[in-house]
Amino acid sequence: DVVLTSHMQQVCANATFISIVADESTDISNISQLVILVRAVKDGEVQILFGGIVPLESGATAQCITDAITSWSTAAGIGMSKCHLGSDGAATFSGRLNGVAAILQHQYPLLKWVHCIAHREALAAVDAISRVHYLKGVFEPTLSGVYRHFRNSAVREAGLHAMQAIPNEKSVKLKEPSSVRWLSHDGAVAAFLKSYSSVVVELEREAEAP
């Protein structure tokens with residue numbers, strides 16, 4: 001940790017621009033954690049550094065997150081006066097009056113907030129899917145239905161794995177698509193395609209079974 005912090009301080013000390021990228025999540029013990037990355041620009045070259053994971057023991061409110069970011073920056077030796085902020089578009093971060101960005105901008109007027117482009121792309125993809133009947137009304141329900149058909153029955157799932165073993169096909173678990181999880185549709189489609197022949201054969205076997 002000392003080596004990483006020292007390297008980050010050195011990079012940030014020589015950087016022209018610094019952006020803190022923050023996101024809140026909940027760990028397996030149900031404690032909110034703030035994940036921090038640092039993007040530093042020097043001579044047109046961008047470096048992305050892992051800043052750390054900060055527990056939010058008082059909850060994931062805008063004020064708690066703000067306090068966590070400022071405490072982290074102080075401990076890391078990075079002055080907030082030369083930093084900007086990137087995050088998702090949740091009201092906790094983006095709220096015009098009481099969001100994290102607004103609170104920080106009140107303390108550091110030059111700070112700019114940027115809505116994470118990856119989040120924006122994910123939101124745009126979800127919105128685009130909702131406007132295409134085949135994707136929203138046929139493709140997604142079919143993909144989810146096949147997943148649930150096998151996931152909700154140990155017998156059916158075992159049958160699928162048995163079918164995958166016949167052609168010496170690698171056993172692949174089907175994945176559930178979710179509109180709120182990044183790349184879940186990609187993973188679900190990839191798993192379905194790898195298991196397609198086995199899924200079809202197993203469904204036909206089930207249909208013919210007495």
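A. A look at helix H7 (residues 154-165). Its 12 residues place the ends of H7 17 Å apart at the C-alpha level, agreeing with the 16 Å of an ideal helix rising 1.5 Å per residue. Structurally, H7 contributes buried residues whose contacts are with helix H6 (133-151) and helix H9 (196-208).

B. Focus on the pairing of strand E3 (residues 45-55). Summarising the sheet, strand E2 (residues 32-42) and E3 pair through 10 bridges and their orientation is antiparallel. Across the sheet, Val38 pairs through a bridge with Leu49, a residue of E3. Here E2 hands over to E3 after two residues, with Asp43 in that stretch at a positive phi of 55°.

C. Region of the structure containing H9. Along its 13 residues, H9 runs 18 Å from first to last C-alpha, staying within 8% of the 18 Å computed at 1.5 Å per residue. Three or more residues of H9 are buried, namely Ser198, Val199 and Glu202. For H9, the angular spread of buried residues about the axis comes to 100°, placing them on one side. Of the exposed residues in H9, the ones pointing more than 90 degrees away from its buried face are Ala207 and Glu208. Each element contacted by the buried residues of H9 is listed here: H6, H7 and helix H8 (184-194).

D. Main features of the packing of helix H2 (residues 62-76) against helix H4 (residues 100-107). Relative to each other, H2 and H4 sit at 50°, their axes nearing to 9 Å. In this view, H2 runs oblique relative to H4, as classed from their interaxial angle. The element H2 and its partner H4 pack so that their crossing is right-handed. Between H2 and H4, the contacting residues are Ala62, Gln63, Ile65, Thr66, Ile69 and Thr70 on the first element and Val100, Ile103, Leu104 and Gln107 on the second. Residue classes in the contact of H2 with H4 are distributed as six nonpolar, four polar and no charged.

E. Region of the structure containing a nonpolar patch on the surface. Together, Val35, Leu37, Val46, Ile48, Phe50 and Ile53 make up a nonpolar patch on the protein surface, roughly 510 Å² of accessible area in all. For the nonpolar patch, the leading source of residues is E3, giving four residues. With respect to the secondary-structure elements, Val46 resides in strand E3. Judged by its relative accessible area of 40%, Val46 falls in the partly exposed class.

Calculation criteria
- Residues numbered from 1 in each chain as written.
- Predicted model: local features only at pLDDT ≥ 70, side-chain atom pairs only at ≥ 80, totals over all residues.
- Heavy atoms only, no water.
- Helix = DSSP H or I, 4+ residues; strand = E, 2+ residues; numbered from the N terminus.
- Expected span 1.5 Å × (residues − 1).
- Contact = heavy atoms within 4.5 Å.
- Pairing = 2+ DSSP bridges.
- Buried < 20%, exposed > 50% of the residue type's maximum accessible area, 1.4 Å probe, protein only.
- Arc of directions from axis to C-beta.
- Axes fitted to C-alpha atoms, helices over the stretch in contact; angles between N-to-C directions.
- Parallel < 35°, antiparallel > 145°, perpendicular 65-115°, else oblique.
- Left-handed = near helix turned anticlockwise from the far one by under 90°.
- Nonpolar A, V, L, I, M, F, W, Y, C, P; charged D, E, K, R; others polar.
- Patch = residues over 30% accessible without salt bridge, like charges linked within 9 Å, V, L, I, M, F, W, Y side chains within 5 Å.
- Areas by Shrake-Rupley, 256 points an atom, 1.4 Å probe, with all protein chains shown as cover.
- Salt bridge = Lys/Arg side-chain N within 4 Å of Asp/Glu carboxyl O.

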